[in-house]
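One-letter residues, chain by chain:
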Amino acid sequence: FGPIKALVMVKCRLCGAETGSSWFVKDAKSVESLEMFMCGSCALVQQVNLPTDEELRIYYSHNYREAYKSTHKPKPKYVYRAGRAAIDRLGRMHKAGVPQGETLLDIGAGGGEFVYMAQQAGFVSQGVEPHQGYSEFARDEYGVKIETCQISDIEHRGFGVVTMFHVLEHLAHPEQVMAKAHSLLKEGGHFVLEVPNITQNDASPHNIYFKAHLFYYSRPSLIAAASAYFEPIYVEDIGNLFVVFKRKSNPLPSVLLPSAADVKHVARRLEEKGWGEYLFEGGGVTKIFTRIPKSLRESKVKQMEPKAILDQLHEQPDV
């Protein structure tokens, strides 16, 4: 992670505080240098030099999927992975008490796999996705309702559930996202978020920081980011951070900051992260053995149509 420099003056994009720590890292894809900043008030880790809103709009509507997946539409193995992830997420939502049968909006829907699987599970689901190729794929292959647009373009209201899986870390204005999600939900609605967890111990040190990830959340900073508009009712922070929030009837005027102890814990976890922790505490040494059966399962779907892959997973989730 490199040396952490104390008391750097950078204004936090979430809480506005200007005191924290900074350090330099390498982008996991391009190995270019990125300067990171951890806010000393809300514990949010963020890039110091963020792109403009227009640069982000163009990137996600035209370039992101190609840059990260090397394709303008998902390959069968990615459909399979997304289908399995959807089953897992729906199971967690059920465990958290999110009622089935609700209207559901998936923001950043990708190829539409979660929208389709949520539909199979009883939700009245639809989604939005800025990438033209992926949103067209979802409509053509699964017959689901996916609009090609940005979050700011969404006009529908009154959803029972809004979901965002590995999207929030890409967005430059977290407080605006929370306000928008609040406006989209009906009274008592649920907001379901999953993001990479900067404090997790099972991520390779070479696979943590990405230029496309503008923010790096921990349990305290994600709850703080949502606190003006939502109350957490279910949290899992082993591996990725998965939180189900309940909509507050009356938003607060500002975010609720985490305790000083929580901020110190996040800072300590950043210092502790490294190859030793990843290999021996995070299970890195055993990952090669789990990759083999995973590759074998994925090889079986190479010639299958996308919808057939998801239908098979719906009928046999353990396949």
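For the structure given in this document, a descriptive report is provided here. (Residues numbered from 1 in each chain as written. Predicted model: local features only at pLDDT ≥ 70, side-chain atom pairs only at ≥ 80, totals over all residues. Heavy atoms only, no water.)

A closer look at the environment of G133
1) Next: Positionally, G133 belongs in helix α4 (residues 132-142).
2) Next: With relative accessibility at 16%, the residue G133 sits in the buried group.
3) Next: A sequence separation of 25 residues divides G133 from G158, and the C-alpha atoms of the two residues are 28 Å apart. (Helix = DSSP H or I, 4+ residues; strand = E, 2+ residues; numbered from the N terminus. Buried < 20%, exposed > 50% of the residue type's maximum accessible area, 1.4 Å probe, protein only.)

Focus: the nonpolar core
1) Next: Judged by nonpolar contacts, the single largest core of 47 residues is most densely connected at M164, M178, F191 and L222.
2) Next: Among the secondary structure elements, those contributing two or more residues to this core are β3 (33-39), α1 (53-69), β5 (103-107), β8 (159-165), α5 (174-184), β9 (185-195), α6 (219-226) and β12 (241-247).
3) Next: In contact with M178, other than residues within four places in its own chain, are L168, F191, L193, L222, A225, A226, Y229 and F230.
4) Next: V79, A96, L104 and F114 belong to the second-largest nonpolar core, a separate cluster that totals 30 residues. (Core = buried A, V, L, I, M, F, W, Y, C linked by side-chain atoms within 4.5 Å. Contact = heavy atoms within 4.5 Å.)

A few points about the packing of aromatic side chains
1) Next: Counting across every chain of the model gives ten aromatic pairs.
2) Next: Ring geometry for F215 versus Y217: centroids 6.3 Å apart, planes at 40°, classification tilted.
3) Next: For F215, a relative accessible area of 1% gives the class buried.
4) Next: When its relative accessible area of 0% is taken as the criterion, Y217 is described as buried.
5) Next: With a centroid separation of 6.4 Å and 85° between ring planes, the pair formed by Y234 and F242 is classed as edge-to-face. The burial state of Y234 is the same as that of F242; both residues are buried.
6) Next: Counting every residue linked through ring pairs, the aromatic cluster contains Y116, F137 and Y142. (Phe/Tyr/Trp six-rings, centres within 6.5 Å; stacked < 30°, edge-to-face > 60°.)

Let's talk about the state of the cysteines
1) Next: Summed over all chains, the structure comprises zero disulfides.
2) Next: For C15, which is in no disulfide, the shortest distance to another cysteine sulfur is to C39 and amounts to 3.5 Å. (Disulfide = S-S within 2.5 Å.)

So yeah, pure geometry; function would need other evidence.
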